[in-house]
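Survey of secondary and tertiary structure
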Amino acid sequence: MDKINNIISLLQEEFPGLEPKPSKADPLDILIATMLSQNTTDKTSFLAFQNLKNNIGTWEDVLKAPISKIRNAVRVCGLTNQKSAAIKNLLKELKNKHGKLSLNYLNKMSDEEIYNDPLQYKGIGVKTISCVLAFSLGRDVFPVDTHVHRVTNRLGIVNAVTPVKTFEQVKDKIPEGKKFLFHTLLIRFGRKICRAQKPLCGRCRLYDDCEFPEKEKCSMLSSAEPVDNNFIILEHV
Ligand code: SF4
């Protein structure tokens, strides 16, 4: 836990003033936006989300729409067939189970209950549930996406082959009250400095804490300036 606290402090020096931004958006909006964001950029998934809202309408309208119309709306963010089918399926199951297209009932449930039960629809995993908890319900949880998975492994906080395993290994190690903050800092850090390709090890504040075997080699190559890519879809839904 000391290591994580130290890393949080260093990342706060790197990104002064960066705070988690729970959007307070509708949980179903956040759920569908997260589904769309898989394997694509936040900008294209935001476009797909807007297409669904602007071209089709409410989630009731999306439920009634032919699958071809949903496919057309989400095509811009890839995995068209998979994502359109998963959204249709989610809306259908939600309507069948609860009689309406709303996830507001989650507000009354604990984090544990939410992880263990109601969102176990096809195509929805632990990362998506974590995003709903953090970005819509204001809970202190730690969503693990590809950036968080990569960086926590390079730092030696976990040793896991998948984001789901990373989540399981790390969730109880982060100090209470700092989980969503740590997630937010790692996302920025993973996008700007500890990038998948050519991480900027030469200008990394976490160099001494890092266990990435190639950090020395990368530090000699990393002359590029960091590029800011600050748009995060779930902060804009
Ligand atoms: S030293 Fe390199 S690999 Fe390690 S955390 Fe920093 S940027 Fe990432």
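Further up the page is the structure itself.
In short, a report on the structure. What you see is a predicted model; the values in this text were computed from it and never measured.

1. Points about the nonpolar core
In this structure, L28, I32, L52 and F182 are the most contacted members of the largest nonpolar core, which totals 78 residues. Setting aside its immediate chain neighbours within four residues, F182 contacts I4, I7, I8, L11, F142, I157 and I174.

2. Let's talk about the side chain of T166
Structurally, T166 is set in helix α10 (residues 163-170). Accessibility expressed as a relative area gives 0% for T166, which makes it buried. Those residues in contact with T166 that lie beyond four places of it in its chain are V144, H149, T152, N153, V158 and A160.

3. Comments concerning the site of the ligand
The environment of the ligand is formed by R154, L155, F189, C194, P199, C201, C204, Y207, C210 and F212. Among the residues forming the shell around the ligand, the class breakdown is nine nonpolar, no polar and one charged.

4. Some thoughts on unusual backbone geometry
Even without glycine at this site, L79 takes up a positive phi of about 50°. Its identity is not glycine, yet K198 carries a phi of approximately 50°, on the positive side. Counting through the fold element by element, K198 comes out in the loop between α11 (179-192) and α12 (215-221). On the basis of relative accessibility, which here comes to 68%, the residue K198 falls in the exposed class.

5. Things to note about the packing of helix α3 (residues 42-56) against helix α5 (residues 67-74)
Following both chains from N to C, one finds α3 and α5 inclined at 135°, their axes separated by 7 Å at the closest point. Classed by the angle they form, the pair α3 and α5 counts as oblique. Residues A48, N51, L52, N55 and I56 of α3 lie in contact with α5, whose contacting residues are K69, I70, A73 and V74. For the contact of α3 with α5, the residue count by class is six nonpolar, two polar and one charged.

6. Focus on the packing of aromatic side chains
Each aromatic ring pair is specified by the distance between its two centres and by the angle formed by the two planes. Tallied over the full model, the rule gives four aromatic pairs. Look at F135 and F180: their rings are 5.0 Å apart centre to centre, the planes differ by 85°, and that puts the pair in the edge-to-face class. Of this pair, F135 sits in helix α8 (residues 126-136) while F180 sits in helix α11, and the two are 45 residues apart along the sequence. Each member of the pair, F135 as well as F180, carries the same accessibility label: buried. A cation over a ring is seen here: R154 above F212, with NZ or CZ 4.5 Å from the ring centre. A cation sits over an aromatic face here: K215 above Y207, 4.4 Å from the ring centre.

7. Section: helix α6 (residues 80-98)
Helical periodicity: at 3.6 residues per turn, an α-helix aligns residues three or four positions apart in one direction. Between the first and last C-alpha of α6 there are 27 Å, a value that for 19 residues agrees with the 27 Å anticipated at 1.5 Å per step. Of all the positions in α6, only T80, K83, S84, A86, I87, K88, L90, L91 and L94 are classed as buried. Taken together, the buried residues of α6 touch α2 (27-36), α3, α4 (59-64) and α5. In the stretch just after α6, G99 is the one whose phi turns positive, near 80°.

8. Section: the side chain of R188
When you line up the elements, R188 lands in helix α11. The contacts of R188, once residues within four sequence positions are left out, are F15, L18, N230, I232 and E235.

9. A closer look at the environment of V151
Considering the arrangement of structural elements, one finds V151 in helix α9 (residues 146-154). As for V151 and A134, which are separated by 17 residues in sequence, their C-alpha atoms are 20 Å apart. Leaving out residues up to four positions away in the same chain, V151 has contacts with L186, F189, G190 and C194.

10. Quick notes on the pattern of salt bridges
Per the counting criterion, the structure on display carries 13 salt bridges. We note a salt bridge from D42 to R191, for which the minimum N-O separation is 2.9 Å. Of this pair, D42 sits in helix α3 while R191 sits in helix α11, placing them 149 residues apart in sequence. Between E60 and K95 there is a salt bridge, with its nearest N and O atoms 2.7 Å apart. In this pair, E60 sits in helix α4 while K95 sits in helix α6, placing the two residues 35 residues apart along the sequence. In the salt-bridge network here, residues are joined through shared partners; they are E13, E14, R203 and R205.

Reading guide: rules and limits
Residues numbered from 1 in each chain as written. Predicted model: local features only at pLDDT ≥ 70, side-chain atom pairs only at ≥ 80, totals over all residues. Heavy atoms only, no water. Core = buried A, V, L, I, M, F, W, Y, C linked by side-chain atoms within 4.5 Å. Buried < 20%, exposed > 50% of the residue type's maximum accessible area, 1.4 Å probe, protein only. Contact = heavy atoms within 4.5 Å. Helix = DSSP H or I, 4+ residues; strand = E, 2+ residues; numbered from the N terminus. Near = heavy atom within 4 Å. Nonpolar A, V, L, I, M, F, W, Y, C, P; charged D, E, K, R; others polar. Axes fitted to C-alpha atoms, helices over the stretch in contact; angles between N-to-C directions. Parallel < 35°, antiparallel > 145°, perpendicular 65-115°, else oblique. Phe/Tyr/Trp six-rings, centres within 6.5 Å; stacked < 30°, edge-to-face > 60°. Lys NZ or Arg CZ within 6 Å of the ring centre and 35° of its normal. Expected span 1.5 Å × (residues − 1). Salt bridge = Lys/Arg side-chain N within 4 Å of Asp/Glu carboxyl O.

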